[in-house]
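A closer look at the structure
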Amino acid sequence: MTPEYALELRGVRKTYRGFALKDVSFTVPRGHIGGLIGPNGSGKTTIIKLIMNLIRREAGEIRVFGLDNRKAEVEVKSRIGFVYDVPGFWDDQSLDSQRRALGAFYPRWSDETFYRLAREFALPLDKKYKALSHGAKTKFALAMALSHGADLLIMDEPTAGLDPVFRRELLKRLSALLQDEGKSILFSTHITSDLERVADVITFIRGGDIVFSLTRDELLDGWAVVRGEEQVIRELDPRLLKGMRHGAFGAEALVSDGGAARRVVGSRAVVDRVTLDEVMVLMAGENRHAA
Amino acid sequence: MLRNALRKDLLLNARHLWGILPWFVWVAYAMSEPDAGRITAVGAGFIGSLMATTIAAREDKLRTSATLASLPVRRRTLVQARYVVACVVGTATYLVVAAMAAVLPWSVQRAAELFEVKTLLLTLTLASMVIALLMPLVIRFGLLGVVVFLGAFQVLGVVLFVAADFFAARSGVRHVFGAVERGIVSLHAGLGQPGPIVETAVIVGISTWLSFRLSVFLAERRDL
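Residues numbered from 1 in each chain as written. Chains lettered and ligands numbered in written order. Predicted model: local features only at pLDDT ≥ 70, side-chain atom pairs only at ≥ 80, totals over all residues.

1. A few points about the packing of helix H7 (residues 75–103) of chain B against helix H11 (residues 194–221) of chain B
Residue and element names in this part refer to chain B. Running from N to C, H7 and H11 cross one another at 135°; their axes reach a closest spacing of 9 Å. In terms of orientation, H7 lies oblique with respect to H11. H7 and H11 meet at a crossing whose hand is right-handed. Every residue of H11 that contacts H7 at Arg 75, Arg 76, Val 79 and Tyr 83 is listed here: Phe 212, Ser 215, Val 216, Ala 219 and Glu 220. (Axes fitted to C-alpha atoms, helices over the stretch in contact; angles between N-to-C directions. Helix = DSSP H or I, 4+ residues; strand = E, 2+ residues; numbered from the N terminus. Parallel < 35°, antiparallel > 145°, perpendicular 65-115°, else oblique. Left-handed = near helix turned anticlockwise from the far one by under 90°. Contact = placed C-beta atoms within 7 Å.)

Below, the structure written as structure tokens:
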């Protein structure tokens, strides 16, 4: 039976001094793009490292296409294409020699795909890795990740350091991978507008806790921002209130049900559609009230 | 998979492995020295293994460890490849030096002596011991670990000599170093007979196995 999820995390725990990932659970369905957002130090990179088995989990379960990421490590990794925030390759080697050395590990590696992507990304294959700009390094990591027929792409801040033109092109390419080839993708980012464009499922993490994991429509159509006087906002059901901040002209609150909020506040406050940026700011803000 | 890991180590570290070349220049010069015979060839094997062992530590410096650990290969296999590469480079270095002794016109060394089985076995023994000692350090602490270890060894030597001078026991220290030298000479002589060969092979085998198990244990538990 084909597993329903490309990626499943259940009760995953990892503790560092001064930081803990607490019972993290979320899923990315097959053929979907999952976005991981959260403030700096919230645990996004730790989650990606745990999925890739770069660090050891203390509890919980991580399954990739139904396979345990530790027990079936080799098979799982042969189906994952990865791009890290700071790509680590051999500085003093040409891109082509790194292709030769690393491509051999993948049973479905395609030189043809790699060379095509290298041409499209304008990568100088005979140049040493250290001679590339940060953007070109990310493009090289992407070309490597996309050349072995991976079923799941895992990317940690892949768009950081890329110019807006290539960022847009990358997002288009990711969407195309999904539509044409049925791939699944998980990526973490600070650039929330990227996620609004392409993500199907959005998972928000803060201080090592998963605050929510919702579909884009559930979040952007269901949630809302209420702007008005604080006493009006206080009339809202506290269970709806997900975050709040105070400004010079009143307060802003993030609510998980825009319709319900509208019925309570009527014309005494403004209820707007929410953006991911606002979700980040209101949930990560110092004046948050509840989650 | 081991084949791919070996290929990766050789391809991506080739430039640094060529760093052994300057050593060959010195060895070529030493070939004209009557006293520099076998010890030069054995030392070359030792240096070759040492270099190949520490070259692997570059991966930490270049932050490529996470990339490697993300490939569809077990960390155990990557560690295995490091041992094999270090051993192969050590043996190859020895063989090149022995061949140089036979070929270079100014060489006063007798090539037949350098190609003796007992000399080759001594090289393998010393190379295996340096690999067994250093590899877990490289895997756990990276380049810094090796530098600190070798530096600490140097400092220990200096402290020993200063202490020996201070306590007028210099002959005692000389005796210790002399014992090491005599040990190597007697090991070399012993490796011509079946008994010591088996004993040495068992000791080297057990040390390498323990070192490998420790390296795998450390590599698998290392958070990257």
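Now that the structure has been shown, we can carry on.
2. With respect to the nonpolar core
Ranked by internal contacts, the top residues of the largest apolar core, which has 130 residues, are A:Ala143, A:Ala145, A:Ile154, A:Val226 and A:Leu254. The element that contributes the greatest number of residues to this core is H7(B), accounting for 13 residues. Each of domain 1 (5–218) and domain 2 (223–284) of chain A accounts for three or more of the residues forming this core. (Core = buried A, V, L, I, M, F, W, Y, C linked by C-beta atoms within 7 Å. Buried ≥ 20, exposed ≤ 12 C-beta atoms within 10 Å, placed from the backbone. Domains from an automatic or database assignment.)

3. Points about the interface of chain A and chain B
Contacts between the two partners involve 24 residues from chain A and, on the opposite side, 20 residues from chain B. Among the secondary structure elements, those contributing two or more residues to the side of chain A that touches chain B are helix H2 (73–78) and helix H3 (95–103) of chain A. Taken together, the residues of the side of chain A that touches chain B break down into 14 nonpolar, four polar and six charged. (Nonpolar A, V, L, I, M, F, W, Y, C, P; charged D, E, K, R; others polar.)

4. What about the domain arrangement of chain A?
For interface size, the figure often reported is the accessible area lost on association. Residue and element names in this part refer to chain A. According to the domain assignment, chain A contains domain 1 (5–218) and domain 2 (223–284). Just the C-alpha atoms count here: the centres of domain 1 and domain 2 sit 33 Å apart. Contacts between domain 1 and domain 2 engage eight residues on the former and seven residues on the latter. Those elements that provide at least two residues to the side of domain 1 that touches domain 2 are helix H7 (192–198) and strand E9 (201–206). Residue classes in the side of domain 1 that touches domain 2 are distributed as five nonpolar, one polar and two charged.

5. What to know about the pairing of strand E6 (residues 80–83) of chain A
Residue and element names in this part refer to chain A. Residues Ile 80 and Phe 82 line one face of E6 and the alternating positions Gly 81 and Val 83 line the opposite face, and both faces are buried. Pairing geometry for E6 and strand E7 (residues 152–156), over four bridges, is parallel. Following the sheet pairing, Phe 82 is matched in E7 by Ile 154. (Pairing = 2+ DSSP bridges.)

6. Focus on helix H1 (residues 2–12) of chain B
For H1(B), every residue scored as buried is listed here: B:Asn4, B:Ala5, B:Lys8, B:Asp9 and B:Leu12. Mapping the buried residues of H1(B) onto a view down its axis gives an arc of 135°, with all of them on the same face. Where H1(B) is buried, its residues contact H3 of chain A together with H7 of chain B. (Arc of directions from axis to C-beta.)

7. Description of the sheet that holds strand E2 (residues 19–29) of chain A
Neighbouring strands of a sheet are bound in pairs by backbone hydrogen bonds; such pairs are parallel or else antiparallel. All names here are of chain A. Strand order in the open sheet formed by four strands is E2-E1-E4-E5, and the pairing between neighbours is antiparallel. Every other strand in the sheet has two partners, leaving E2 and strand E5 (67–68) as the edge strands with one partner each. Relative to E5, strand E4 (residues 59–64) is paired through two bridges, and the arrangement is antiparallel. In the strand pairing of E5, Arg 63 is matched with Asp 68.

8. Overview of the sheet that holds strand E12 (residues 241–247) of chain A
Residue and element names in this part refer to chain A. Pairing within the open sheet is antiparallel, and its four strands lie in the order E12-E13-E11-E14. Since the sheet does not close on itself, it has two edges, and those belong to E12 and strand E14 (270–273), each with one partner. Ignoring which end each strand starts from, the neighbouring axes of this sheet average 20° apart. Where E12 meets strand E13 (residues 250–255), six bridges bridge the pair, whose relative direction is antiparallel. Each bridged residue has a counterpart across the sheet, and for Arg 245 the counterpart in E13 is Glu 252. In this fold helix H10 (residues 258–265) packs onto strand E11 (224–228), E13 and E14, with an angle of close to 20° to the strand it touches most, E11.

9. Some words on unusual backbone geometry
Positive phi, close to 55°, is recorded for A:Ala122, a residue that is not glycine. Tracing the sequence through the fold places A:Ala122 in the loop between helix H4 (111–120) and helix H5 (134–145).

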